[in-house]
Every structure is written in C-alpha cells, then in structure tokens.
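Examination of the molecular architecture
Take a look at the letters that make up each chain.
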Amino acid sequence: MPAARYPADVQTAIARREMRRMETGQLLVYYPEGRRELAERMATKVEACAAELRTKARIDNKHSREKMVLVVPEAPFNNAYVLPPVAGLEDVAVIPTGNTLDFATTFGLPPDPGRVGCHEIVHYVQVKQIAGLWGALRTVLGEMATPQIGLDAWFLEGLATYYEARLQPGSGRPAWPVFTSMFHAAYAGGTVGGSDLSERKRNSPLGHHYLVGSMFVQFLAESYGEPALWRVIELQARSTSIVLSVSGRFDEVYGKGIGDLMGEFARWSAARFPVRKRPPAETTLRTFGDDARWAWGPQGEVAAIDEDIDQPSRLRVWNAEGGLVESIGLVDVLPPRRQIIAAPLLVSGMGFANDGSLWFTSIDLGGTFQTTRLFRWTKGGGLDEVAKGLGPGLAVSPDGRRYYHAHVDGDRWSLAVREDGASKVLWDARPGQFALRAQPSRDGARLALSVWDGAKFAVWVVDATTGAMLAEHTGVPTPTGGMTPLYDASFTDDGRLMFLDVIDNRFQVAVVDTDGARRVITDAPYGALDARAQQGKLRFLARDGWRYTLDETVLPVPVPPPPPPAATSAQTETETETETETETETETETETETEPRIGSVAAAPVTPASSGSSGSSASSPSVAVAAAATTATTAATSTAAAAPSPASDAAPAPTLRVLSDRPYSRLDGLFRPTLHTFGLFAPAVGSTQLGLAFSGGDRLDLVRWAVAGYINPSNTKQYSAVGGVILNDFAPWVVTALGSRLLYTDEVQDQQGMIVDRLDRELRDAVVAVSRTWRGTYSVAAGGTYAYDRTDDSILRLYGPSAVLGYSAVETTRAVGVRRGIAATLEGAYFPRPAGAMTHARGEMDIWLPVPLLERHVLVGALRGNAVLDAPTSLILVGGPGSLPPVWSDPEDLPDPELGEDILPGTRRFSEPLRGFEDHALAADRVALGDLTWRFPLMIDRGMPNLAFLPSVFLRELELELFAGGCYIVDETLGNSRHAAAGGALTLHVALFRIPLAVQYQATRRLTDDHGILHLVGFGPDL
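Being a predicted model, the structure only gives us computed values, none of them experimental.

Those residues of helix 11 (residues 246-254) lying buried are Val246, Ser247, Arg249, Phe250 and Tyr254. Here the buried residues of helix 11 occupy an arc of 155 degrees about the axis, which is enough to place them on one side. Of the surrounding secondary structure, the elements contacted by the buried residues of helix 11 are helix 7 (153-166), helix 9 (208-224), helix 10 (226-238) and helix 12 (258-272). Directly beyond the C-terminal end of helix 11, a positive phi value near 80 degrees is found at Gly255.

What follows is the structure, given as structure tokens:
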C-alpha cells in the first residue's frame, strides 16, 4: 500500500504554493515560486559539499551519479532529512527555506538552509553508494533498499555531523564548544562505551548517535584517515547482507572490530577530554536538568526552563533568597492547550524586565505548521501568550516596552523589535547573515548582538533604537580556515561588554574592560554558557556530568584606562578642538545611519598568555585576568572607521550551472514506477500466489499510488489484486483510497490441524477516507467502507459511512514515555443491510497520571464502550488475542471464536481486548470496559554495537505492570453479565538493529467465570 514521503506540514507547504523545478549539474531542486535566488544560493553550497564528498566516495556508477533530489518547502519545519531509497519510496532530501529554531546555541550551525543542507547531502552521497547485488536489484526491481541502511545510526549521523564542520570551517557541531563540552563533561576521562553509540540510549537530549557518533567518527578519521571511512561504506555497498557481519567490515578495513575500536576511542577520549576540577573561585548555586535556559532578574530572581531524563520541560522561578516562587509544566494536556510541545532547545530570548516580568519565545505547533509564541510570566499572574509568529526571540528591553526578535526571511534573520503591538526591522540582514542572540545594556540604549555575519560568529554592539553598529568583535583565525567564534554577548552593570570566547576548545567568559583589553574571567572545567553579570557577580551555566549547573564567581572590577600623556597648553587646546569636531562628526554619522555598516569597527582579538584559541586557560579568574592584561591589545572605537563587509572576506562561492528552471508539473514522475518487483502473497494457510507489485508517485507526492496483482500458478482462475492511492492536493486534508479483491482456497482445519474442508473464497474490500489533524491534538476522519465475503454457500456484505473524532494530548519523559496525558476517540458507522440496518458506536478515553512521590511510576486508566445496535445476533468479541502474538500459553488452547462469521465479512469484525480473557472470549451486543494499570520501567540502556556476525543489540528496559480490568456486557441472547481479571506482566523492550521488539510474560487470574489462571508469553514488534 502507498506510504507518504513527507510530514503533514511539509506536504501542506508543497500543496499550497506554486512550485518550480530547477535542474543543475548535480541536483534537481523543487522550490516555491518566488524563491529562485534563495534556491540558487542553497544549491550552490549543497553542490559544493556534494562535489567534495564525491571525490572521497569510492563507488562511481550509475547509482552514485544520479542527480540528487532536493525539496525546499516554505515552512518553519525546523528540521531536515534525507529519505533513502526504500520500499518503493524514491530518495529525497527535504530542506526548508528557513528555520525558526536556534541551531547556533547547541549545534554551532547558523540556521542557513545551505549549511543545514551540507549535513544532509552527506547522507545523500552515502545512501547512493550502492553496488553488487543491491545495485543489480535496484536496476531490476526499483527502489527496494540501499545497503547503507544496514549501518547503525551512529555511523550515518556521525559521518554527516563530522563533515558538516569539516566542509564548512567556522561552524558545525564537532567544532562548537557547547556541543563538545556536553561530550566532555559526560565522558571525562574516557568513560565512553559501546552502549553509548545507540540512538535508543536516553542520557543525552541530543541523541547519542549524534553526540557520541560524531566524536567516534572524528576519532576514526584522525587515527586512521578519512579514506578508511569511505572504504567501510564501499564494503557495505557491495555486501550481500545489509545488517549481518557489519563489524567484520570494520575489521577488514581497520584490522579490528567495532568493540576494539571503541576501546581505542575510550583512550583517545581520556586524553582529549580529561577530568577537570572546578576552580575554588567558582561555586555552584543550583543544579538544573540536562538541558536548560535561564535568566537573572534585576531584583535577584532566577528563572529556568529545563528538562531531564525524568522531568518534562518546566518553567521554575525562584526569588533572590532561593525560595521557589512558581513551577509550571509547559505542556498542557487539557484543552484548549496553551502549548503542545516544549523543550529548552525550543526556547530563545529569555529574560526579565525591570518590573519582574519574565519573557521568552518558544517554538510550538500551530494548526498545521510550527510557530513561535512569545510568553510573559508575572508573579501572581502566571504565564500568558503575548504574540505568535514573530520569529526567534532575542531579548526584552529593561523597561519591558520592547521585545527584540529575529525577523526570518528564508536564509537571513534580521534584527527586529516589537513595540506597541507592531514589529519593525532595525537591521536588515543580507542573505546568509543571522541575528542570533541579543542582550540590552542596563539603560536600554545598546544591544550586544551575537551574529553570524556570513563567514563567522561575531559580536556587534548596536544602537538599540536604530540598529546602527557601534563596534564589532571577532575571534582569531583557525588552521582550518575559519575563525574562532565569539558568542552570547551581554553587558555588565557598569556597561562593559562580555561574551563567550574559545579557550582550550571550551567557551569561557571574556570581558572587554574600560582600557579596551579583552580579559578571560572564568575557568569553567567544561565550558560556560549564558553568562550574566550584575551587582559585582557573574553567573553562568556550566556542565557537570549530564546536567547543567548555575555557577557564580566574582566579577573583576574595571581596570581604569591609562592616563593621557602630559601635554602643553597649546596642545591641549588643539586636541580639545579636534575632539569636539570628531565627536560632532561621529554623532552626525550615528544619527543618519539606518543600518549597521558591517565590519566598520574591528576589535582586536585577545587571548590569555597561552597564545591562540587552543591554549590552556588560567587556573582561576584572577590569574586569567592578569594573564590577559599582559597580552591585551586595545580595541578600535571609532565608528567612522571603514572596513570591508564580512561577506567579501569569504572565499568566492562556486558558480552554479542551472540547466533548466520551469514550473512544476504534477506529471513529473507520476507514472514512472519507483518499485517494480516480484512478490508472494498468502491470503490463507495453504494458498500461495505469485505476482508483481508496482508503486510510484509524482516527485512532490501530490499523488502516490501502489498496485499489485497475484495469481495462483496451480489454479489460474484464482487471482488477487490490491491497490491504493493517497491524494495530497488538499493538504493538510488527506484523501486515501484502498481496495482489494482476493480469490483463493481457504482450508478448514479441525482442532488437531487436519484439513476437513476446502472452500473457494472471494473477498472484496474498499475504504475511502478524508482526514486531518490540528495542532497534533484534534483529528477527524470521515469516509466509507465496503466489504464483500463469498464462499461456496454464502455471500456476506457490509458497507456504509463512518467517522472518527480524536483528541490526544500527552506529556512525556525520556525515562517512561507518556507520563501524563489524555487520549479520547469517538467513532460511529452506519451499515444499511437488506435484512435491516446496523449502527456501530464506540468511545474510549485513556488517562495517564504520575504516581506522587514515586519517580517513574505511572498509573494508566482506560474506559471504553462499544455497541452494535440492531444486529441480528451478538457481534462484539470481548477478549481474545492480545497486542503481542502469543508464542506460548498455559493452557495451550487460545481458540478463535470467529464471532459473527455468519453475518460479518472476514475483514470486518468488532472486538475489544480484555486482559485475562485471551483464552476465554465473550460475546456482546453492548459492552462497557474499564481497566487500571500500574507501570514502572526498570531502565537498562545497555547494548552492544556488534555481536559476532549479528547486528547491534540494545536492551532498553524491563517494564513491570500490575493490572486489573473488567467489563459489563449487555447481550439480549445471553443476558447481562460482569467479568473481571487481575494480574501482572514483565515486558523486556529490546532493539535488534533498528527494529524495536518486545518479549512479554503475563500471568492473570480471572476473578469471575471459571476463576482460571492464564500464563502467556508474547513476542513481536514493540508498538
């Protein structure tokens, strides 16, 4: 059956905008009308990265030379991905025109679609490395699979993350001190192991396959060279088996398997990332979760938005004395739901105004697309939404009248301000430039602005009213051709500029003193972030293991500027006149400037006495200040100084060769099957049919289709056909149509498995549905069904309209999954029949609640009701098979009662599960059910990246359950009755390669009926 390639917001953006198709030397780019220049800029960067990667790749064939498909939706998707060729879906990269996520703070990536696209194109080049058997299969059968999906996620993401920095000097996670500090603090001294590579491990909010995978790949590249990585990819491309003997391919390249390489990696990490001690002058005030944002109020109040493995995202505010003022969970589960999704990573522009109000921007879900919401918290007034759709937040002004934010326009973020309910742009960024963070001075006259200027992370001081640049500060050149970043600038109470500077590959706080010197004033063992100063104190976020801490130290007093040289009376008069003229000229220029003159002021970079950005930092703030003072140079301060634009400092961009550019046609690839394969089909035991399957769709998935036909080679009169289509032209409304016709022989067996009869059977089935979801919460689907079931002596039909309404709102943690939530559905159907119409109605409500004072304990309650009205007999099956296929049971017999087989087609049955009644199913016209479950997961989070020739194995958790449930049955034939059972279960959640599996042992005792005891072992997909 057809499967959608794009998420709902991406598909909606495609359907709502006129799209164009641009072909270049290496790419096919599908972009929105009116975005030609942006598409060309993005394609230029992506092609340059692809060209470099193709010189490293070892396989050059028709598969690797195919043009790569880029889809560029006009949507704040805040993500990007590559879909590999698999199961009939053609490979494609999705890279939105722009983002509203703060990629820089944690990842060190400017939110530039071209730079994000460079990461994705690494995936694309790798998945196109197809040869050997899989190359032949792809030629003959279409998009079945790429052998590269057999490599674990740590290799796929680690390789792409490694090259995002390697191919783009000056940016990228492996070169970004915040990202590397997270690894450093967590694995200081080389405590990393094979389990830490798995994407299913839960310690890191960023994903272990990104955090550890990128470092492991960096180790491999540094120790054995980059060509070895591509040799592994080549061997994987030529392998017959996708997932078996992967470690053997590493052994063939490196002379050792993944396990031995991990041992070397641990030793490399111990040397590269040693254990560090916090200096005595820096003390910890408070511990936050493993990801956090914080703010410091003018009266000493502190606010934080953080999350942890056991804690969902929350806002907490403390007063100056450290007392908790308020704690607010940011995800609502009751309608109308103020916020749907929340995480510190989604928060920007957090800060206090002088009146004690707290402001921040958070990314949330709108009706279909993601949006930004500006929130304000006030003591006693709670949390209110002030505005939405402004763009990423930057800062609130001290008087609370203005809120600075980024104005997003594709590949540029301009500096804008919201005042009196309206927004205006203060600095109009050029393409490729981004206003990332801002902090106002105490008087609100200046902004310390952190920017990506097109080539580097720099700090500007700008006029808070006009946006005019007053000064610029930059880092120092690096051996790779970039610049060390400066980031997250702010002001002290006395007006000095502070920012984060790179010292020994860690961010430390530096201050530009009154004498113009830049001095490093912290020595945080694993780096500093979000540094703020007031009342002679400096506070900042630091890492401690997996968590953030709020640390404090003394802010050094200003160093007085050197006295002016002695001068004669005449000289003094002349200099005074000159200074007056200069001041007049400077004021005039500042008043008339309407936008920053990029690079008009350059502050000379200053580092501690150990030269360069990678030198060792001082052992304490006082030593660091002294060391910096001895080597400091004076920053230029004249706003009249001219300098070239940062954009002109970058290397000339390669020229993009555009071969064609035309409006998109819905016929583009529509009738070209992307999958054309042989297949086996077994509609029943003892009946096997052979056939062909085809699937395809246009490049933008406005239409996706799949068909298959099968025939019984021993009886050519028996054939089957299935097909389906998905229409996305009206997205976010989705139209789905599925149909099938099956002809086969059904073998009837007795309890001993002996064949007692053979029946020729024909099944027809059709479903048409229109569906939509709002804000990830409210859903609706309406349509119709048709079912036909014919055997030798009977014909059964069922058809009619149906509708489903749904509500789902959950709050999750990485430890337990759903911790708190509500899910409800209402569904109904009407079936006109010659013997009398039937009506089906069903409702369900599930509630999740955390157990007070017991971490990771969750209570789950469910209420369900199901009724089939005006039916000639009982049609609802209560009990019967559970969610996991049974592999063993005691008693052994789990019969299928085949309820309603004389009335309902085989594909349309009504059932309600009831634990404890898997072997004792019940019949009902109407039934009300309720159950209560206590769940507690025992986290394991251990695994092996290889096990001999087997793929990776990861043991996630052992889940304990105690449950009780019952039902009340209304049945006109059998009478009303009550039934109940209670028991417990142990479920082992495990992943083999990337396939989540569950093994469950369940023991239940029926409290009614026969009071029987049932033991079950089930095994199957972990859904």
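All right, on to the packing of aromatic side chains then. This structure, assessed with the given rule, holds 39 aromatic pairs. Where Trp268 meets Phe273, the ring centres are 6.2 Å apart and the plane angle is 75 degrees; that geometry is what we call edge-to-face. Sitting above the plane of the Phe963 ring, Arg915 keeps its charged end 4.0 Å from the centroid.

The next point concerns the nonpolar core. For soluble globular proteins, the rule of thumb is that nonpolar side chains tend to be buried together. Counting 129 residues, the largest nonpolar core has Val29, Leu70, Phe250 and Phe265 as its most contacted members. Sorting elements by how many residues they give to this core places helix 9 first, with 8 residues. Those residues in contact with Phe250, other than ones at most four positions away along the chain, are Leu151, Trp154, Phe155, Val232, Gly255, Lys256, Ile258 and Leu261. If you look at the next biggest cluster of nonpolar residues, it comprises 20 residues, including Met838, Val878, Ile903 and Leu922.

Moving on: the state of the cysteines. A complete count under the given rule lists 1 disulfide for this structure. Bridging Cys49 to Cys118, the disulfide has an S-S length of 2.0 Å. Around the S-S axis, the bridge from Cys49 to Cys118 shows a dihedral of about -105 degrees and counts as left-handed. Of this pair, Cys49 sits in helix 2 (residues 36-56) while Cys118 is found in helix 5 (residues 113-127), placing the two residues 69 residues apart along the sequence. In terms of burial, Cys49 and Cys118 fall into one category: buried.

Glancing now at the packing of helix 9 against helix 10. The geometry of helix 9 relative to helix 10 is characterised by a closest axis approach of 6 Å and an angle of 115 degrees between their N-to-C directions. Two secondary-structure elements touch here, helix 9 through Val217, Leu220, Ala221 and Tyr224 and helix 10 through Glu226, Ala228 and Leu229. Tallied by class, the residues present in the contact of helix 9 with helix 10 amount to 6 nonpolar, no polar and 1 charged.

It is worth spelling out the side chain of Arg842 at this point. Tracing the backbone shows Arg842 in strand 40 (residues 838-850). For Arg842, the side chain forms a polar contact with the side chain of Glu912, separated by 2.4 Å. When neighbours within four sequence positions are excluded, Arg842 is seen to be in contact with Thr825, Leu826, Glu827, Arg864, Gly865, Asn866 and Glu912.

Moving on, we come to the side chain of Gln689. Position of Gln689 relative to the elements: it lies in strand 32 (residues 687-697). Taking relative accessible area as the criterion, Gln689 reaches 0% and is therefore assigned buried. Within the structure, the side chain of Gln689 is placed 2.9 Å from the side chain of Ser720, a separation counted as a polar contact. Apart from the residues lying within four places of it in its own chain, the contact partners of Gln689 are Gly679, Leu680, Phe681, Pro683, Tyr710, Ile711, Asn712, Gln718, Tyr719, Ser720, Leu743 and Tyr744.

What follows deals with the pairing of strand 18 (residues 422-427). When strand 17 (residues 413-419) meets strand 18, the two strands line up antiparallel, connected through 5 bridges. Pairing of Val417 across the sheet is with Lys424, part of strand 18. Hairpin connection from strand 17 to strand 18: 2 residues lie between these consecutive antiparallel strands, with Asp420 at a positive phi of about 55 degrees.

Since one α-helical turn is 3.6 residues long, residues separated by three or four positions face the same way. With 10 of 10 residues buried, helix 8 (residues 177-186) is to be regarded as a mostly interior element. Within helix 8, the full set of buried residues consists of Pro177, Val178, Phe179, Thr180, Ser181, Met182, Phe183, His184, Ala185 and Ala186.

Mapped onto the elements, Asp306 comes out in strand 8 (residues 302-308). Judged by its relative accessible area of 1%, Asp306 falls in the buried class. In the structure, Asp306 is positioned 10 residues away from Arg316 in sequence and 8.5 Å away in space, judged by C-alpha atoms. Not counting the four nearest positions on each side in its chain, Asp306 is found in contact with Phe288, Gly289, Asp291, Ala292, Pro312, Ser313, Arg314, Arg316 and Pro344. Here the side chain of Asp306 touches Gly289 through a polar contact of 3.0 Å, landing on its backbone nitrogen. Here the side chain of Asp306 touches Arg316 through a polar contact of 2.8 Å, side chain to side chain.

On to the environment of Leu159. Residue position: Leu159 is located in helix 7. With 51 residues separating them in the primary sequence, Leu159 and Tyr210 have C-alpha atoms 9.3 Å apart.

There is a patch of like negative charges on the surface, built from Asp757, Asp760, Asp792 and Asp793. Structurally, Asp760 is set in strand 36 (residues 755-774). The partly exposed category is assigned to Asp760, whose relative accessible area is 40%.

Under the counting rule described, the total for this entry stands at 83 salt bridges. In this structure, the salt-bridge partner of Arg518 is Asp501, at a minimum N-O distance of 3.9 Å. Residue Arg518 is located in strand 26 (residues 518-520), and its partner Asp501 is located in strand 24 (residues 497-503); the two are separated by 17 residues in the primary sequence. Per residue, the accessibility class of Arg518 equals that of Asp501, and both read buried. Arg864 is the partner of Asp931 in a salt bridge, and the nearest nitrogen-oxygen pair spans 3.1 Å. Of this pair, Asp931 sits in strand 46 (residues 926-944) while Arg864 sits in strand 41 (residues 858-869), and the two are 67 residues apart along the sequence. Residue classification places Arg864 among the buried residues on the basis of a relative accessible area of 9%. When salt bridges that share partners are traced, they join Arg17, Arg35, Glu74, Asp409, Arg412 and Asp428 into one network.

Once that is clear, we can look at unusual backbone geometry. For residues that are not glycine, phi is negative in most cases, and the peptide bond is trans in most cases. In this structure, the amide linkage connecting Pro335 to the following residue, Pro336, adopts the cis form with an omega of 10 degrees. Along the chain, the position of Pro336 falls in the loop between strand 10 (324-329) and strand 11 (347-352). With an omega of 15 degrees, the peptide bond between Ala731 and Pro732 qualifies as cis. Looking at the secondary structure, you find Pro732 in the loop between strand 34 (715-727) and strand 35 (734-749). Unusually for a residue other than glycine, Phe993 sits at a positive phi of about 60 degrees. The topology assignment puts Phe993 in the loop between strand 48 (977-992) and strand 49 (995-1006). Judged by relative accessible area, Phe993 falls into the buried class, the value being 16%. Despite not being glycine, His1011 shows a phi value in the positive range, around 55 degrees.

What follows deals with the sheet that holds strand 8. Sheet strands pair by backbone hydrogen bonding; their relative direction is either parallel or antiparallel. Strands sit in the order 7-8-9-10 across an open sheet of 4 strands; the sheet is antiparallel. The open sheet has two free edges, formed respectively by strand 7 (291-296) and strand 10, since each of these has just one partner strand. Here the average twist between neighbouring strands, direction ignored, is 15 degrees. Bridge count for strand 9 (residues 311-318) against strand 10 is 5 bridges, and the pairing is antiparallel. Of the residues in strand 10, the one forming a bridge with Arg314 is Gly329.

Definitions and cut-offs
Numbers given to residues run from 1 along each chain, matching the order in which its sequence is written. pLDDT decides what is reported in this predicted model: residues at 70 or higher carry local features, side-chain atom pairs at 80 or more are listed and counted, and totals for whole chains, interfaces and linings draw on all residues regardless. The basis for the side-chain values is all heavy atoms of the structure; hydrogens and waters are excluded. Note on classification: 1.4 Å probe, protein chains only; a residue is buried when its accessible area is under 20% of the maximum for its type, exposed when over 50%, partly exposed between these limits. Working definition: helices are DSSP H or I runs of at least four residues, strands are E runs of at least two. Numbering for both runs from the N terminus. Directions pointing from the helix axis toward each C-beta atom define the arc. A contact between two residues is defined here by any heavy atoms of the two lying within 4.5 Å. Classification of ring pairs rests on two measures: the distance between centres of Phe, Tyr or Trp rings, Trp counted by its six-membered ring, which must be within 6.5 Å, and the angle between planes, read as stacked under 30 degrees, edge-to-face over 60 and tilted in between. We count a charge as sitting over a ring when the NZ of a lysine or the CZ of an arginine lies within 6 Å of the ring centre and within 35 degrees of the ring normal. In this description, a nonpolar core means a group of buried Ala, Val, Leu, Ile, Met, Phe, Trp, Tyr and Cys residues linked to one another through side-chain atoms lying within 4.5 Å. The definition used for a disulfide is geometric: two cysteine sulfur atoms within 2.5 Å. Only the stretch in contact is used when fitting a helix axis, every axis being a line fitted to C-alpha atoms; angles between N-to-C directions are given from 0 to 180 degrees. In this classification, Asp, Glu, Lys and Arg are treated as charged, Ala, Val, Leu, Ile, Met, Phe, Trp, Tyr, Cys and Pro as nonpolar, and every other residue, Gly included, as polar. N or O atoms closer than or at 3.5 Å make up a polar contact, with two conditions inside protein: a donor-capable atom paired with an acceptor-capable one, and, for residues adjacent in sequence, both atoms drawn from side chains. Here, strands pair whenever DSSP counts at least two bridges between them. Surface patches are defined over residues having more than 30% relative accessible area and no salt bridge, joining like charges when they lie within 9 Å and nonpolar side chains (Val, Leu, Ile, Met, Phe, Trp, Tyr) when within 5 Å. Here the open area of atoms and residues is found with the Shrake-Rupley method and a 1.4 Å probe, where only the protein chains shown may cover a residue. Each reported salt bridge corresponds to a side-chain nitrogen of Lys or Arg within 4 Å of a carboxyl oxygen of Asp or Glu. Positive: Lys, Arg. Negative: Asp, Glu. His and the chain ends are not part of the count. For the purpose of locating charges, the reference atoms are NZ of Lys, CZ of Arg, CG of Asp and CD of Glu.

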